[in-house]
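One-letter residues, chain by chain:
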Amino acid sequence: MFMLKQLSRFLAAALSVISFTNAAPPGATPLAPPGPVKSVAPQVPAEWKAGTATLQVTPQKLLWMAGYAARKKPAEGKVQELFAKALALEDSTGGKLVFVTLDLIGVPQALRHEIARRAQQDYGLKPERLVLNASHTHSGPSLRSAPLTAEEENNPRAKDAWDYTQKLQSDLISLIGSALTDLKPARLTWNKARCGFAMNRRKDYTLPPDHPNANKVPNPNGPVDHEVPALRVETPDGALRAVMFGYACHNTSLGFYNWCGDYAGFAQEYLQEHRKDFTALFLMGCGGDQNPYPRRSDVVPGVTDLELSMHHGRSLANAVEMALTVNPIAIRGPIRAAYEEITLSYAKAGRPEHAYPVQVIKLGPDLTFVTLGSEVVVDYSLRFKKELAGEAGIWVAGYSNDYTGYIPSLRIQKEGGYEAAAGWAEDVEERIVDTVHKLHQSLK
Ligand SMILES: [Zn+2]
């Protein structure tokens, strides 16, 4: 018996040494060497040009963090770098389009305006052909786009946020230039998969108030958008060069004091991990009323928030891998784009109106992007996918070109609750929807 125990201990130790020194576990089939580069859709002509650029935007100082009002101190460290990435596309007629994605809380409108102005001046890129989108990570720095008052000049918290945002602005202009300089022949395809960790975080207002589940969140019966659209960029010989993917969910698995891209940052990292010369970009969807679940380690014994964030990142990356390979749909040109800032008002008299950005971009007859400013709830995404359904796939992004709080649907405004608290006038959804249809029509 004693001998047997010793032998098994020896074997276990030997096995752990073997598994430590080899990538594959003992007895497993050895890992296959990487296969030859092969297009997933060789029949699709490589009639585009694409360029990418990546810039690390992790603050050099431990600034105050964005997203949670309850924060009592600045950041204390870093778990993951934060990035700004750009994807430039050029169709066969020379028409261009640039997406900039950010591992940051939002896109302040002043930043959007200045970057769009400079991109037009320096690179001839029209404002309607520029999308700035933020992942809404709550583990990034607070941004500050309003100039400092005389008093704030001596307030390090305000000054640091302003300095960071000013530098970000000039860096993003250069980033756009780098992506445009990088334009090379490319084949574009797209498809979508599904990922299920986003759940509606509002209570179930359809239940009578005395129902035992009426006040419980999250609400598994509430609306969600689990689609993961992925735009695949290949070289003409089929090497994967970039993917831009979307998901509609708050990027809030984490509430700690470290810089991190949260689940969207991990999904991008995992996709890039084993690929050379490849860029993964995350385009945030209409996740205003969606949270990642399970959320927070206090509900999952023995698992940390960071592990939950990584799990969500892994499931999203897996969905993207599937969207990248299954039944690719060709994307043809040309690029057509329209952008308008419409006036949204608040219910309360005297409050200034807001210029709200609405953008529609068509990649030929195959894929249509609708991008909307700020924290858009999922109803918009579901509504546009239904109302604009046709030959082209519909990809709806929120958190684009503006960051001014929640954009509720009329349903949510009537129900009330957190996402309705901004107090917009009741015609907000109608105005946005009318404008999207008008712009979409104008591009036909
Ligand atoms: Zn939010």
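Rules used in this analysis
Sequence positions are assigned chain by chain, starting from 1 and proceeding in written order. Note on the predicted model: pLDDT of at least 70 is required for a residue's local features to be given, and 80 or more for side-chain atom pairs to be given and counted; whole-chain, interface and lining totals, by contrast, use all residues. Secondary structure follows DSSP: runs of H or I at least 4 residues long count as helices, runs of E at least 2 residues long count as strands, and numbering of each begins at the N terminus. In this scheme every C-beta is placed from the backbone, and a residue whose C-beta has 20 or more other C-beta atoms within 10 Å is buried, one with 12 or fewer is exposed, and one in between is partly exposed. Note that contacts rest on C-beta atoms placed from the backbone: two residues are in contact if these are within 7 Å. Any helix carries an expected span of 1.5 Å times its number of residues minus one. Whether two strands pair comes down to DSSP finding at least two bridges between them. Convention adopted: a line fitted to C-alpha atoms gives each axis, helices being fitted over their contacting stretch, and angles between N-to-C directions are expressed from 0 to 180 degrees. By definition, a nonpolar core groups buried Ala, Val, Leu, Ile, Met, Phe, Trp, Tyr and Cys residues that connect through C-beta atoms lying within 7 Å of each other. Take the far helix as your reference; a near helix turned counterclockwise from it by less than a right angle gives a left-handed crossing, and one turned clockwise gives a right-handed crossing. Residue type decides the class: Asp, Glu, Lys and Arg count as charged, Ala, Val, Leu, Ile, Met, Phe, Trp, Tyr, Cys and Pro as nonpolar, and the leftover types, Gly among them, as polar. The pLDDT value tells you how sure the predictor is about a given residue, anywhere from 0 up to 100. Note on angle classes: values under 35 degrees are labelled roughly parallel, values over 145 roughly antiparallel, values of 65 to 115 roughly perpendicular, and the remainder oblique.

*Asks:* I'd like to hear about the overall build of the protein, residue by residue, with values.
*Replies:* On a plain count of helices and strands, the protein comes out with eight helices and 19 strands. In terms of principal-axis extent, the alpha carbons of the protein reach across some 85 × 55 × 50 Å. Per-residue burial for the protein yields a buried fraction of 45% across its 444 residues. Sequence-distant contacts in the protein: of pairs separated by 6 or more residues, those separated by 24 or more amount to 77%.

*Asks:* Lay out helix α5 (residues 305–325) in plain terms, naming residues and giving numbers.
*Replies:* Look at α5: 31 Å from first C-alpha to last across 21 residues, which is about the 30 Å you get at 1.5 Å a residue. Of all the positions in α5, only Leu308, Ser309, Met310, His312, Gly313, Leu316, Ala317, Ala319, Val320, Ala323 and Leu324 are classed as buried. Here the buried face of α5 lies against β6 (184–194), β8 (227–234), β9 (240–247), α4 (262–273) and β12 (290–292).

*Asks:* Can you explain helix α6 (residues 378–387)? Please cite residues and give values.
*Replies:* Residues three or four positions apart in an α-helix share a direction because the helix packs 3.6 residues into each turn. Residues of α6 that are buried include every one of Val378, Asp379, Tyr380, Ser381 and Phe384, and no others. Packing partners of the buried residues in α6 comprise β12, β16 (367–372), β17 (375–376), β18 (393–397), α7 (410–415) and α8 (428–442).

*Asks:* An account of the environment of asparagine 215 is needed here, citing residue identities and associated values.
*Replies:* The residue asparagine 215 is located in the loop between β7 (198–200) and β8 in this model. You can call asparagine 215 exposed: it has 11 C-beta atoms within 10 Å. Along the sequence, asparagine 215 and glycine 35 sit 180 residues apart, while their C-alpha atoms lie 53 Å from each other.

*Asks:* Explain unusual backbone geometry residue by residue, including any values.
*Replies:* Cis geometry is found at the peptide bond from valine 217 to proline 218, where omega equals -5°. Positionally, proline 218 belongs in the loop between β7 and β8. Here the residue pair glycine 333 and proline 334 is connected by a cis peptide bond, since its omega of -5° sits within 30 degrees of zero. Structurally, the position occupied by proline 334 is in the loop between β13 (329–330) and β14 (335–344). Despite not being glycine, aspartate 262 shows a phi value in the positive range, around 60°. On the secondary structure map, aspartate 262 appears in helix α4. Unusually for a residue other than glycine, serine 374 sits at a positive phi of about 70°. Using a count of 23 C-beta atoms within 10 Å as the deciding quantity, one classes serine 374 as buried.

*Asks:* Summarise the pairing of strand β11 (residues 279–284); cite the residues concerned and give the values.
*Replies:* The buried fraction of β11 amounts to six of the six residues, a majority that puts the element mostly inside the structure. The alternating pattern of β11 places Thr279, Leu281 and Leu283 on one face and Ala280, Phe282 and Met284 on the opposite face, and all of these are buried.

*Asks:* I'd like to hear about the sheet that holds strand β15 (residues 354–363), residue by residue, with values.
*Replies:* Strand order in the open sheet formed by four strands is β14-β15-β16-β18, and the pairing between neighbours is mixed. What marks the edges here is a single partner per strand, and that holds for β14 and β18. Strand-to-strand twist of the sheet, defined as the mean angle between neighbouring strand axes without regard to direction, takes the value 15°. When β16 meets β18, the two strands line up parallel, connected through five bridges.

*Asks:* Explain the nonpolar core to me, using residue names and the numbers behind them.
*Replies:* For soluble globular proteins, the rule of thumb is that nonpolar side chains tend to be buried together. If you look at the biggest cluster of nonpolar residues, it comprises 114 residues, and the most contacted ones within it are Ala86, Leu87, Val98, Val100, Val228, Val243 and Val320. A total of eight residues in this core trace back to one element, the largest contributor, which is helix α3 (residues 156–181). With residues up to four places along the chain from it excluded, the contact list for leucine 87 reads Ala50, Thr52, Phe99, Ala179, Ala242, Met244 and Leu281.

*Asks:* I'd like a rundown of the packing of helix α2 (residues 109–123) against α3, residues and numbers included.
*Replies:* At a closest axis distance of 10 Å, the pairing of α2 and α3 adopts a crossing angle of 35°. α2 and α3 meet at a crossing whose hand is right-handed. Here Leu111, Glu114, Ile115, Arg118, Ala119, Asp122 and Tyr123 of α2 come into contact with α3, specifically with Thr165, Gln169, Leu172, Ile173, Ile176, Gly177 and Leu180. Residue composition of the contact of α2 with α3, by class: eight nonpolar, three polar and three charged.

*Asks:* Talk me through the confidence of the model for the protein; I want residue IDs and the actual numbers.
*Replies:* Where the model shows low pLDDT, its predicted coordinates should not be examined in detail. When pLDDT is averaged across the protein, the result is 93; 95% of the residues are at 70 or more. Across residues 15–22 the pLDDT falls below 50, and counting only partners more than four positions away or on other chains, this stretch makes four contacts in the model.

*Asks:* Please provide a residue-by-residue account of the pairing of β8, values included.
*Replies:* Within β8, eight of the eight residues are buried, which leaves the element mostly enclosed by the surrounding structure. Neither face of β8 is exposed, since Glu227, Pro229, Leu231 and Val233 on one face and Val228, Ala230, Arg232 and Glu234 on the opposite face are all buried. With eight bridges joining them, β6 and β8 adopt antiparallel strand pairing. Bridge pairing links alanine 193 to valine 228 in β8. Where β8 lies against β9, five bridges are found, and the strand directions are antiparallel. Across the sheet, residue valine 233 finds its bridge partner in β9, namely alanine 242. Counted along the chain from β8 to the antiparallel partner β9, the turn is five residues long, and its residue glycine 238 has a positive phi close to 105°.

*Asks:* Account for the environment of alanine 86, with residues named and values stated.
*Replies:* When you line up the elements, alanine 86 lands in strand β3 (residues 83–90). Each C-alpha atom, one on alanine 86 and one on leucine 172, is 8.7 Å from the other, the two residues being 86 residues apart in sequence. The contacts of alanine 86, once residues within four sequence positions are left out, are Thr52, Ala53, Val98, Phe99, Val100, Leu175, Ile176 and Ala179.

*Asks:* Summarise the packing of α4 against α5; cite the residues concerned and give the values.
*Replies:* Where α4 meets α5, the closest approach of the two axes is 7 Å, and the angle between their N-to-C directions is 50°. Overall, the two elements α4 and α5 adopt an arrangement that is oblique. Crossing angle aside, the handedness with which α4 passes α5 is right-handed. Of α5, the residues touching α4 (which contributes Asp262, Tyr263, Phe266, Ala267, Tyr270 and Leu271) are Ser309, Met310, His312, Gly313, Arg314, Leu316, Ala317 and Val320. Taken together, the residues that form the contact of α4 with α5 break down as nine nonpolar, three polar and two charged.

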